[in-house]
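Overview (structure and organization)
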There are 2 protein chains.
Amino acid sequence: MLIRLDLESNEPIYIQLRNQVVEGIAKKQLHPGEALPSVRSLAADIGINLHTVNKAYQQLKQEGFILIHRQKGVVINPDGVPQADEAYMNQLKFKLHPLISESISRGLSEKEFLEVCSDIFSDFNKGGEKYE
Amino acid sequence: MLIRLDLESNEPIYIQLRNQVVEGIAKKQLHPGEALPSVRSLAADIGINLHTVNKAYQQLKQEGFILIHRQKGVVINPDGVPQADEAYMNQLKFKLHPLISESISRGLSEKEFLEVCSDIFSDFNKGGEKYE
DNA sequence: TATCTGTTATACTTCAAATATAACAGATAG
DNA sequence: CTATCTGTTATATTTGAAGTATAACAGATA
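The present account deals with the structure reproduced in this document. Predicted model only: the values in this text are computed from it and were never measured.

1. Structural notes on the layout of surface pockets
Residue and element names in this part refer to chain A. Of the voids in this model, the second largest pocket is the one considered here, and its volume is about 280 Å³. Every residue lining the second largest pocket is counted, 16 residues in all, and those nearest its centre are Val 39, Asn 54, Ile 68, Arg 70 and Val 74. Elements with a minimum of two residues in the lining of the second largest pocket: helix 2 (39–46), helix 3 (50–62), strand 2 (66–69) and strand 3 (73–76). A per-element tally of the lining of the second largest pocket places helix 3 first, with four residues. Taken together, the residues of the lining of the second largest pocket break down into seven nonpolar, six polar and three charged.

Dropping the structure here:
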């Protein structure tokens, strides 16, 4: 599993880390039941603090993406990822709203916007980097 | 112009304010050349600090959405809003990426995702609240 | 027993966000 | 001329999140 972080970004490290794991699942690079590095080893690998990794793991656990066995370690949820529910759909709309708002104000058509989305979907279906 | 703010949100007030103006432009509630409240009056209306409003205005100015005449006040860019360029498209993709990533991991199909986007576009075309 | 795991606790630094005052300079209305 | 409006700049302070640094605990395991 390849982890890309931008330590200069205004986006918190633990959020970037959380997103990378979700992206790994979406790209089928991480499969249900697969083990993730321990908080200590991953922190050492990336060169960040143990607690920052733990914060990302805790959020992923709370969202149902991973399970944490106290001594065994961390694994991708063997039962699969929780499917989109109403709460998630509302959250998705909430996040999309300002993006679409600005696109419209900048003269982007609905068709053009949807094409951008489709292009991004293609990146996932055509299986990007599978090396780890 | 109706301003809705969530002071409890983790999203900074000045960002919310900036987004509201962009949304106003997208919804055609704010037109090129139209005046916006002064930093002091808007701050007083909303009940926040002058500098917070100023921060939002400065960003909108830097992005080309508004013009600021030193003594006249603030107006929506009379020449229209800057159209989407390559830099904006890249930024848009960057923001959409994690949203699509999570949607895929949660089993949402591309079709379903695009429909969510279309629904949001509809909200803008059918002209929401025009009262101010 | 030594070592791994996640977990918890405490303390500290750094930085963005937001507020609070105050003053300045230019334009304008009285 | 004067008072008042505008954005702008400066300074100081408070608050909270993010991230780091250590340390210790408890359970599992080799």
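2. Side note on the interface of chain A and chain B
When the parts of a complex come together, some accessible area is lost, and that lost area is often used as the size of the interface. Each partner contributes to the interface: chain A provides 40 residues, whereas chain B provides 40 residues. Taken together, the two surfaces of chain A and chain B that pack against each other cover about 4,300 Å², and 70% of this comes from carbon and sulfur. The three residues of chain A that bury the most area against chain B are Tyr88(A), Arg106(A) and Phe121(A), which together make up 18% of that side's buried surface. Between chain A and chain B we count two salt bridges in total. Viewed at the interface, chain B and chain A are joined by twelve residue pairs in polar contact (both at pLDDT 80 or more). Tallied by class, the residues present in the side of chain A that touches chain B amount to 23 nonpolar, nine polar and eight charged.

Reading the values: rules and limits
- Residues numbered from 1 in each chain as written.
- Chains lettered and ligands numbered in written order.
- Predicted model: local features only at pLDDT ≥ 70, side-chain atom pairs only at ≥ 80, totals over all residues.
- Heavy atoms only, no water.
- 1 Å grid on protein atoms, 1.4 Å probe; cavity = no way out; pocket = protein on both sides within 12 Å on 5 of 7 lines; lining within 4 Å.
- Points joined across faces, edges and corners; volume = space filled by probe spheres on them.
- Helix = DSSP H or I, 4+ residues; strand = E, 2+ residues; numbered from the N terminus.
- Nonpolar A, V, L, I, M, F, W, Y, C, P; charged D, E, K, R; others polar.
- Contact = heavy atoms within 4.5 Å.
- Buried area = accessible area lost by both parts, 1.4 Å probe.
- Salt bridge = Lys/Arg side-chain N within 4 Å of Asp/Glu carboxyl O.
- Polar contact = N/O pair within 3.5 Å; in protein donor to acceptor, adjacent residues only side chain to side chain.

Read these as geometric descriptors, not functional statements.
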